[in-house]
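These are the residues of each chain, in order.
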Amino acid sequence: MTNENGRYSEVYQLNFGPQHPSTHGVLHMLVEMDGETCVGVDTKIGYLHRGMEKLLESRTYLQGLPYTDRLDYLAGVNNNLPYVLAVEKLLGVEVPVRANLLRMLTCEIMRLASYMVGIGIYIMDLGAVSGVFYPFQQREYALDCMSALCGARMTQSYIRYGGVQADINEEFDATMQKLFDEVPRFIEMYHKLIDENEIFLTRTKGIGVISAEDAMDYALTGPNLRASGVDYDLRRDAPYCLYDRFNIKVPVLTAGDCHARYMQRMLECEEILQLIKEIYAALQAEPAGEIMAKIPKVLKPAAGEAYAQTENPKGIMGCLVASEGKLNPLRVHFRRPSFDNIAIFEKIMPGHKVADLVSIIASFDIVLGEIDG
Amino acid sequence: MEFINNIFVNIAGLIRWVFDWLLGLLGLPLGLTDVLMVAVYWVAIVIVCVLCALFYVIWERKLAGYIQRRPGPNRLGPNGWLQTIGDAIKLVMKEDIVPDKADKPVHLLAALLAFVPPMLALAAIPFGEGMAALDLQLGVVYVIAVTTLASLPVLLAGYASNNKYSLVGGMRVVNQAISYEVPQAFAILSVIMVAGTFNLTEIVHFQQQHLWLVCVQPLAFVIYIISAVAECNRAPFDLPEGESELTAGVFTEYSGMRYALFYLAEYCNMFVAAGLATTLFLGGFSGPFLPGWLWFILKTFVIMSIFIWVRWTLPRVRADYVLRFCWKLLVPLTLLNMLVTGVVLYILA
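In short, a report on the structure. As the structure is a prediction and not an experimental result, all values here were calculated from the model. (Residues numbered from 1 in each chain as written. Chains lettered and ligands numbered in written order. Predicted model: local features only at pLDDT ≥ 70, side-chain atom pairs only at ≥ 80, totals over all residues.)

### Observations concerning the overall build of chain B
If you tally the helices and strands in chain B, you get 15 helices and zero strands. Since a compact globule built from 349 residues should have a radius of gyration of about 20 Å, the 21 Å found for chain B is in line with a globular shape. Dimensions along the principal axes, computed over C-alpha positions, put chain B at roughly 60 × 55 × 40 Å. Taking all 349 residues of chain B together, 44% fall into the buried category. In chain B, 75% of the contacts between residues at least 6 apart in sequence involve partners at least 24 apart. (Helix = DSSP H or I, 4+ residues; strand = E, 2+ residues; numbered from the N terminus. Rg over C-alpha atoms; globule rule 2.2 N^0.38 Å. Buried ≥ 20, exposed ≤ 12 C-beta atoms within 10 Å, placed from the backbone. Contact = placed C-beta atoms within 7 Å.)

This is the structure we're talking about:
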């Protein structure tokens, strides 16, 4: 391969991962490099494939539920929800109001926890290792809330068919108060620390720009989509559970670069906290009642197919459940947001330097458990 | 107090007297004392290097821990202070792996040579009144020349590893080092213009008589600190070692004791940079009440803590920005600084 100047140059292949400190898990990218610049990317996934969809076929519906937590393991309950909603469509049950509020509350708390990971790991991948400790402290407060309510920190399996597993208690009230006190202070501190940092700005502005058309063409969802200027949030535009009761404010940025994706998550953190407060207030105003509807002990949903979508921290997650009226589902398929999000790497990565590739991957906030399933 | 201030000078004097007496006893020419004293000074500098590495490895990790809201190492020794000894023992016990096709003599030589430039530089830096092993008239020029050598062992390491990423990393180190020599030298030159001498001890005396040169040359101080951080390959300029974007960078193929040598040499390099900053800008060993060498230790401690603080706070700078920052920002600033200094000195003279 010769250059225009008549000099001989060769494109070489660089293996990014799967063992790599900055690829957010076992992501393998075969990058073709011309010197320092990337000219082609081939993403290879599957290093964390656990056969989840196949496994769910040989488990009953209740046995299969804890498996779903492990998809996006940073936000456990968010993954229960699409599966449960799809099965409930087949069962034809109506979920009580209190259970819906609890579902929304836990999903929003884990959304906040997941955004903390995304923010912290992004700063760490840029080189400022200390930047990961502070968001993880906030994640600890969120996980304490979940631990008090659901009994588990990471993979809760809290959302069950017909409702939720447990109601709120006093310990939960105390941890929620701690959350409300600490997170606003943290967000303010992080804005002051990171936003104007010269090095941070040079490494994130103008890197990995995705236009709104490209974002929609490649089926980007979640904060990555909203950072490119597309105003779409499933909670507001196609509400599930009881989201239509609340005023969901959705920040939208138009730059579409890594900086915009980072700022999108920071801005959304404030909105999520506000939403958590509103849901919590609604929950306390609600009279004590049922947290689970009446469903049969042995679950045999009606034969047919059902698909349910929810807005997860990483994007839109959907679950298709095909049932034959038996104890096990015939087929379960998940529409995983990170899986669709990384398809755009082949388009935006060429032309960037090696250090920018790390910045781009980290700004997408992917989870390999979700990509590989 | 006068005794403690001069304690090391007195010890050197005592050893010299003992050598004189021994040589007189053996009938050898007394000129040999100077030769033997060189060995003594060398041992002293090695002790300084070892102590500084011992202390600053654990201090960096504890300070990093405090910045990150955690205690840092706190198991080995009281509150964790014996951690470096544990680290050194662990690294010594590790298997010494050298790649098959690597250049074996150069591979070892690079690790050994890493310690030489900081030791050479420490010979000329005055730790206290009369405590510079080499009181050179051109002390500043000597130290600048010797600290330039510090990037060569890294290049040797990159070459000898037979690993294309190590080679690229090594070349980047040299790139960075020679680029940041320029603003570093110009910043130091501004100080020399004000002080009027290249002799490091004389510069400290100048600061004792007048005022600390950091007040006269604040811009030069900041630029010197930035250049020193880049010279020592510390974050935010730590492309060679923090190259978690490629592999472990230059030191990929170094394990065990060889890696330990580079690791400790890095702290000695930082100590030299901090020592030079103290001598040129912060008044060296001058200060009330406490002995001079204690003031020197405290001031270098502050500068080293600034290095550590900057490392654990800022993100890494991309490779092309490193050079862009140096040539397009720092060099014009230092030239401007020298111009203004020169004009002011001319007006005042």
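Now that the structure is up, let's keep going.
### Quick look at the overall build of chain A
For chain A, the count of helices and strands is 15 helices and eight strands. Taking 2.2 N^0.38 as the reference for a compact globule, 373 residues should give roughly 21 Å; the C-alpha atoms of chain A span a radius of gyration of 21 Å, in line with that estimate. By principal-axis analysis of the C-alpha atoms, chain A measures approximately 75 × 50 × 35 Å. Buried positions account for 49% of the 373 residues belonging to chain A. Put simply, 70% of the contacts in chain A that link residues at least 6 apart link residues at least 24 apart.

### Thoughts on the environment of Arg265(A)
Residues and elements named next belong to chain A. Positionally, Arg 265 belongs in helix 11 (residues 258-285). Note: C-alpha distance between Arg 265 and Pro 313 (48 residues apart in sequence) is 9.5 Å. Ignoring any residue separated from it by four or fewer positions in sequence, one finds Arg 265 in contact with Tyr 115, Gly 118, Ile 119 and Pro 223.

### Focus on the pairing of strand 3 (residues 37-44) of chain A
All names here are of chain A. Bridge count between strand 2 (residues 28-34) and strand 3: seven bridges; the pairing is antiparallel. Directly across from Val 31, in strand 3, lies its bridge partner Val 41. With antiparallel pairing between neighbouring strands as the criterion, strand 2 and strand 3 make up a hairpin whose turn holds two residues, including Gly 35 at a positive phi of roughly 70 degrees. (Pairing = 2+ DSSP bridges.)

### A few points about the packing of helix 11 of chain A against helix 14 (residues 354-364) of chain A
Residue and element names in this part refer to chain A. It is at 9 Å that the axes of helix 11 and helix 14 come closest, and there the two elements cross at 30 degrees. Between helix 11 and helix 14, the interaxial angle falls into the category roughly parallel. The crossing of helix 11 and helix 14 is left-handed. In contact with Cys 258, Arg 261 and Tyr 262 of helix 11, helix 14 contributes Ser 359, Ile 360 and Ser 363. (Axes fitted to C-alpha atoms, helices over the stretch in contact; angles between N-to-C directions. Parallel < 35°, antiparallel > 145°, perpendicular 65-115°, else oblique. Left-handed = near helix turned anticlockwise from the far one by under 90°.)

### Thoughts on the packing of helix 3 (residues 32-67) of chain B against helix 6 (residues 116-124) of chain B
The packing of two helices is summarised by the inter-axis angle and the distance between the axes. Residue and element names in this part refer to chain B. Orientation of helix 3 relative to helix 6, taken along the N-to-C sense of each, is 115 degrees, at an axis distance of 10 Å. Along this stretch, helix 3 crosses helix 6, giving a crossing that reads as right-handed. Facing Ile 45, Val 46, Val 48 and Cys 49 of helix 3, the residues of helix 6 in contact are Pro 118, Met 119, Leu 122 and Ala 123. In terms of residue class, the contact of helix 3 with helix 6 is made up of eight nonpolar, no polar and no charged. (Nonpolar A, V, L, I, M, F, W, Y, C, P; charged D, E, K, R; others polar.)

### Regarding the sheet that holds strand 6 (residues 304-312) of chain A
Residues and elements named next belong to chain A. With antiparallel pairing, the three strands of this open sheet are ordered in space as 6-7-8. In this open sheet, the two edge strands, each paired with only one partner strand, are strand 6 and strand 8 (331-335). Strand-to-strand twist in this sheet, taken as the mean axis angle between neighbours without regard to direction, amounts to 15 degrees. Across the face of the sheet, helix 3 (residues 76-91) comes into contact with strand 6 and strand 7 (315-323) while running at roughly 150 degrees to strand 6.

### A short note on the interface of chain A and chain B
Each side of the interface is counted separately: chain A has 18 residues, and chain B has 19 residues. Elements supplying a minimum of two residues to the side of chain A that touches chain B: helix 5 (133-150), helix 7 (198-204) and helix 14 of chain A. For the side of chain A that touches chain B, the residue count by class is eleven nonpolar, five polar and two charged.

### Details of the sheet that holds strand 2 of chain A
Residues and elements named next belong to chain A. Pairing is antiparallel in the open sheet, where three strands are placed in the order 1-2-3. For this open sheet the edge positions go to strand 1 (12-16) and strand 3, each flanked by a neighbour on one side alone. On average, each strand axis in the sheet is inclined to that of its neighbour by 25 degrees, with strand direction left out of account. Note: strand 1 against strand 2, five bridges, orientation antiparallel. Note that in strand 2 the partner of Tyr 12 across the bridge is Met 33.

### Overview of helix 4 (residues 97-125) of chain A
All names here are of chain A. The end-to-end C-alpha distance of helix 4, which contains 29 residues, comes to 42 Å, matching closely the 42 Å that a straight helix rising 1.5 Å per residue would cover. With 26 of 29 residues buried, helix 4 is to be regarded as a mostly interior element. Just downstream of helix 4 lies Gly 127, where phi reads positive at about 125 degrees. (Expected span 1.5 Å × (residues − 1).)

### Observations regarding helix 5 (residues 104-113) of chain B
All names here are of chain B. Taken together, the buried positions of helix 5 are occupied by His 107, Ala 110 and Ala 111. The buried residues of helix 5 all sit within an arc of 95 degrees when viewed along its axis, so they share a single face. Residues of helix 5 that are exposed and point over 90 degrees away from its buried face: Pro 105 and Leu 112. (Arc of directions from axis to C-beta.)

### Quick word on the environment of Gly27(B)
Residue and element names in this part refer to chain B. Tracing the sequence through the fold places Gly 27 in the loop between helix 2 (7-26) and helix 3. Taking the number of C-beta atoms within 10 Å as the measure of exposure, Gly 27 has 6 and is therefore exposed. C-alpha of Gly 27 to C-alpha of Val 317: the two residues are 290 residues apart in sequence and 62 Å apart in space.

### Quick word on the environment of Gln184(B)
For Gln184(B), the position within the fold is in helix 9 (residues 164-195). For the pair Gln184(B) and Thr334(B), spaced 150 residues apart in the sequence, the C-alpha separation amounts to 8.6 Å.

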